[in-house]
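# A closer look at the structure
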Amino acid sequence: MTALGWALADSWTIARRTLVHWRMQPGIVIFNWFFPVLMLLMFGALLGGAMDFPDGQSYYELLVPGIFALAMLFGLEGTMTAVTTDAAKGVTDRFRSLPMSSAAVVMGRCIADMLDSAVTLLVLAATGLALGWRWHEGVPSALAAFGLLLLLRFALLRVGIFIGLTVKNAQSVTIVQVLVWPIGFLSSAFVATSTMPSWLGTIAQWNPLSATATASRALFGNPDPSATWIGAHAEIAAVIAPLLLIAVFLPLSAHRFRTLSR
């Protein structure tokens, strides 16, 4: 095979290793799939009655795409913990000593996590449909929306892998986990940024999660009254923001992996 073929084969081998670990711990995987569902049900019940939408539209029309975007952030701590644990136990060093592509260790983890994220979106979409959420712009637009969501997930994985290779142990990841919640909630996942105080709405709108949530709502044909520049150009922002994260953290994580020393 070519060098690319070997790299892909090695990446799939590492991905299968992660999938085997998940098969041996199905409870954790199932919880990761259904935790966003719990968030959807909880916030839909708590906030839905307070939201006023014209023409009988449901709050779920706004909430479901927001939870889609939020789900791409959730579970990132699991990636960071796994990467840190492998490095701390010497597993990563063992992989580096084998005649295999150096990129396979990182890409294998990404492949497994992307498959997990796709299942999460399927479970969330099925739940949203059961609750009355609908997309109104046809299948191609819906697929484009899911593509943007997975692009965001891939970009965030690069951030998570870099952090996982940087922190000293799995306990240190707990400190980083605290940041997941402010980043997730300081966005348009639950409410339109136009309803926030202007300074807070500006910060929230520039959150990459907001760009993807707003873009996916537009592609699904769901309402989103955000009126800022990013709100009006969400599809562009939802592509540029993840690509910028990848451009920054892909070389950083690759360099960290090559120079890893513990």
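Up top you'll find the structure we're talking about.
A brief look at the structure comes next.

Quick notes on the rules
Residues numbered from 1 in each chain as written. Predicted model: local features only at pLDDT ≥ 70, side-chain atom pairs only at ≥ 80, totals over all residues. Heavy atoms only, no water. Helix = DSSP H or I, 4+ residues; strand = E, 2+ residues; numbered from the N terminus. Rg over C-alpha atoms; globule rule 2.2 N^0.38 Å. Buried < 20%, exposed > 50% of the residue type's maximum accessible area, 1.4 Å probe, protein only. Contact = heavy atoms within 4.5 Å. Areas by Shrake-Rupley, 256 points an atom, 1.4 Å probe, with all protein chains shown as cover. Expected span 1.5 Å × (residues − 1). Core = buried A, V, L, I, M, F, W, Y, C linked by side-chain atoms within 4.5 Å. Salt bridge = Lys/Arg side-chain N within 4 Å of Asp/Glu carboxyl O.

## With respect to the overall build of the protein
When you go through the protein residue by residue, the secondary structure sums to 13 helices and zero strands. Scanning the protein from its N terminus toward the C terminus, one meets helices and strands in the order α-α-α-α-α-α-α-α-α-α-α-α-α. Taken over C-alpha atoms, the radius of gyration comes to 19 Å for the protein, in line with the 18 Å a tight globule of 262 residues would show. Its C-alpha atoms give the protein principal-axis dimensions of about 60 × 35 × 35 Å. Looking at the 262 residues of the protein, the share that counts as buried comes to 46%. In the protein, the proportion of contacts linking residues at least 24 apart, taken out of those at least 6 apart, comes to 83%. Summed over all atoms, the accessible surface of the protein reaches about 12,700 Å², with 71% contributed by carbon and sulfur.

## A look at helix α3 (residues 60–73)
End to end, α3 covers 20 Å across 14 residues, agreeing with the expected 20 Å (1.5 Å per residue, within 8%). Once α3 finishes, G75 follows within two positions and takes phi at roughly 90°, a positive value.

## Concerning the nonpolar core
Proteins that are soluble and globular tend to have nonpolar side chains buried together. Counting residues in hydrophobic clusters, the biggest one holds 58 residues, and the most contacted among them are L63, I67, F68 and F190. Among the secondary structure elements, those contributing two or more residues to this core are α2 (26–47), α3, α4 (76–88), α6 (104–131), α7 (138–166), α11 (208–220) and α13 (234–258). Residue contributions to this core peak at twelve residues, all from α7. Residues in contact with I67, not counting those within four places in the same chain, are P36, M39, L40, L124, A189 and F190.

## As for the side chain of R217
Tracing the backbone shows R217 in helix α11. Setting aside anything within four residues of it in sequence, one finds R217 in contact with L62, P65, G66, S188, A189, N222, P223 and D224.

## Some points on the pattern of salt bridges
Enumeration over the complete set of coordinates arrives at two salt bridges. For the salt bridge of R109 with D113, the shortest nitrogen-to-oxygen distance reads 3.3 Å. Of this pair, R109 and D113 both sit in helix α6, separated by four residues, roughly a single helical turn. For D113, a relative accessible area of 3% gives the class buried.

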